[in-house]
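The chain contents come next:
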Amino acid sequence: MKALVLSGGTGARLRPFTHSTPKQLLPIAGKAVLEHVLNNITDAGITDIGIIVGDQYDKISETIGDGSRFGARITYLRQTRPLGLAHCVLVAREFLGEDDFLMYLGDNMLPEGITELTRTFATERPTAQIAVQKVPDPSAFGVAEIDAAGIVQRLVEKPSDPRSDLALIGVYFFTPAIHEAVAAITPSARGELEITDAIQWLVARDSRVKAVEYLGYWQDTGQVDSVLECNRRILDSIRSERSGEVDAASRLTGEVVIEPGARVVRSTIEGPAFIGVGTVVEDSHIGRHTSIGRNCALRDTRIADSIVLDGATVSGLDRLSRSVIGKSASVRTAAHHQLVVGDDSVVEVAR
């Protein structure tokens, strides 16, 4: 079985960060979302992986590489324009060949992994298998209507009057039959080839399409609030690892990761928290559920429930929370309690 990871989207809901950083590379607990995705795939035993990329191919390939550090072989597949999930299958046609494959949206987090989903598909091998989860507002999602055996009867994209609360969560398994379906459908009203239309084409021809309910945590990291929520969730599962330097005047409580080359000086860190390689924390208080990236500098700052991306400088901030500070940004003496600061920005506000 192969895997196809979709990482070509523009990430409009995560601007300003996605002007310069692909949304799949935003860090969750010190690791890019896409890295979490690839670990899930290889943990499920799939090592031949194609990644659909768009305009930010260079940044994704530079971060992910050839796949060897994941124990995988990665092939990058260019999509010139975002023309829909089913279009990605067309782009990947040569790579996929006649193999069964997993299709996984590259901005979705499923910390409990997909091993059981993969095993179910391999054992039963329906024509297609979709992962679903019950949601409070199904009208915001693609929705599956199923029978008592879990066989899909109908798929509806963002129904105004949902007859099911089972939302598609961006993990699909396909046999080669999907290629005929993708070739048969036409673009939707928004001009895209919808994967829900292709699956519905299979359903209409009495193909066996199975829905499997995913009972673990799932989060689409398409918005700042969801990125922060997911960061909390992942940090709650970390174990302390203190490879950097912590001086005698500092105090660490709870589960805290201090990566190599990081230094903590005259500071307090309340776990769960993550401090990246080469980062310096001085005279500061790092509160729970905070991830600090690589080569950052935090001085005279109190911050909690936040993410600071690589290379950022933060100083003189008091009681900052629920914030995201972009790559190489500089934030000084800001009076705000909540900030969203894009990459390479400079924010200086008098107290």
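Heads up: the structure comes first, above all this text.
Cut-offs applied
- Residues numbered from 1 in each chain as written.
- Predicted model: local features only at pLDDT ≥ 70, side-chain atom pairs only at ≥ 80, totals over all residues.
- Heavy atoms only, no water.
- Helix = DSSP H or I, 4+ residues; strand = E, 2+ residues; numbered from the N terminus.
- Rg over C-alpha atoms; globule rule 2.2 N^0.38 Å.
- Buried < 20%, exposed > 50% of the residue type's maximum accessible area, 1.4 Å probe, protein only.
- Contact = heavy atoms within 4.5 Å.
- Areas by Shrake-Rupley, 256 points an atom, 1.4 Å probe, with all protein chains shown as cover.
- Lys, Arg positive; Asp, Glu negative; His and termini not counted.
- Charge placed at Lys NZ, Arg CZ, Asp CG, Glu CD.
- Axes fitted to C-alpha atoms, helices over the stretch in contact; angles between N-to-C directions.
- Parallel < 35°, antiparallel > 145°, perpendicular 65-115°, else oblique.
- Left-handed = near helix turned anticlockwise from the far one by under 90°.
- Nonpolar A, V, L, I, M, F, W, Y, C, P; charged D, E, K, R; others polar.
- Phe/Tyr/Trp six-rings, centres within 6.5 Å; stacked < 30°, edge-to-face > 60°.
- Pairing = 2+ DSSP bridges.
- Disulfide = S-S within 2.5 Å.

S.K.: Is there a simple way to think about the overall build of the protein chain in this case?
M.R.: The helix and strand tally for the protein chain stands at 8 helices and 32 strands. Taken over C-alpha atoms, the radius of gyration comes to 22 Å for the protein chain, in line with the 20 Å a tight globule of 351 residues would show. With respect to the principal axes defined by its C-alpha atoms, the protein chain has extents near 70 × 40 × 40 Å. Looking at the 351 residues of the protein chain, the share that counts as buried comes to 57%. Taking the contacts inside the protein chain whose residues are at least 6 apart along the sequence as the reference set, 48% of them involve residues at least 24 apart. Of the accessible surface of the protein chain, which amounts to about 15100 Å², a share of 45% is contributed by carbon and sulfur atoms. Of the charged side chains in the protein chain, 37 are positive and 46 negative, and the gap between their average positions amounts to 2 Å.

S.K.: Even after reading the chapter, I still don't get the packing of helix α6 (residues 177-184) against helix α7 (residues 195-204), so can you show me in this structure?
M.R.: Between two packed helices, what matters for the description is the angle formed by their axes and the separation of those axes. One can describe the packing of α6 onto α7 by two numbers: an axis separation of 8 Å at closest approach and a directional angle of 110 degrees. It follows from the interaxial angle that α6 and α7 lie roughly perpendicular. With respect to the hand of their crossing, α6 and α7 are arranged in right-handed fashion. From α6, Ala 177, Ile 178, Glu 180, Ala 181, Val 182 and Ala 184 reach across to α7, where they touch Ala 198, Trp 201 and Leu 202. In the contact of α6 with α7, the residues fall into 8 nonpolar, no polar and 1 charged.

S.K.: How do you make sense of the packing of aromatic side chains when you look at a structure like this?
M.R.: The geometry of an aromatic ring pair is captured by the separation of the ring centres together with the interplanar angle, meaning the angle of the planes. All told, the structure shown has 5 aromatic pairs when counted by the stated rule. Plain terms: the ring middles of Tyr 57 and Tyr 76 are 5.6 Å apart, the flat faces sit at 75 degrees to each other, and that makes the pair edge-to-face. Here the residue Tyr 57 occupies a position in helix α2 (residues 57-64), and Tyr 76 occupies one in strand β5 (residues 73-78), the gap between them amounting to 19 residues. Classification of Tyr 57 by relative accessible area gives partly exposed; the value is 25%.

S.K.: Could you clarify how one ought to interpret α7 in this entry?
M.R.: Because each turn of an α-helix spans 3.6 residues, side chains separated by three or four positions end up pointing in the same direction. The buried fraction of α7 amounts to 7 of the 10 residues, a majority that puts the element mostly inside the structure. Of all the residues in α7, the buried ones are Ile 195, Thr 196, Ala 198, Ile 199, Trp 201, Leu 202 and Val 203. Backbone geometry just after α7 places Asp 206 at a positive phi near 65 degrees.

S.K.: What should I look at first to understand the environment of Val 143 in this one?
M.R.: By secondary structure assignment, the location of Val 143 is in strand β9 (residues 142-146). Through-space distance from the C-alpha of Val 143 to that of Asp 165 is 6.9 Å; in sequence the pair is 22 residues apart.

S.K.: Quick question: what am I supposed to make of the sheet that holds strand β22 (residues 285-286) here?
M.R.: Each strand in a sheet pairs with another by means of backbone hydrogen bonds, the pair being arranged parallel or else antiparallel. A sheet is described by the order of its strands in space; here 5 strands give the open sequence β16-β19-β22-β25-β28, paired in parallel fashion. The open sheet has two edge strands, β16 (251-253) and β28 (320-321), and neither has a second partner.

S.K.: Could you clarify how one ought to interpret the state of the cysteines in this entry?
M.R.: Disulfide: a covalent bond connecting the sulfur atoms of a pair of cysteines. The full count for this structure, using the stated rule, is 0 disulfides. Distance from the sulfur of Cys 296, which forms no disulfide, to the nearest cysteine sulfur (Cys 230) is 19 Å. Residue Cys 296 is classed as buried on the basis of its relative accessible area of 3%.

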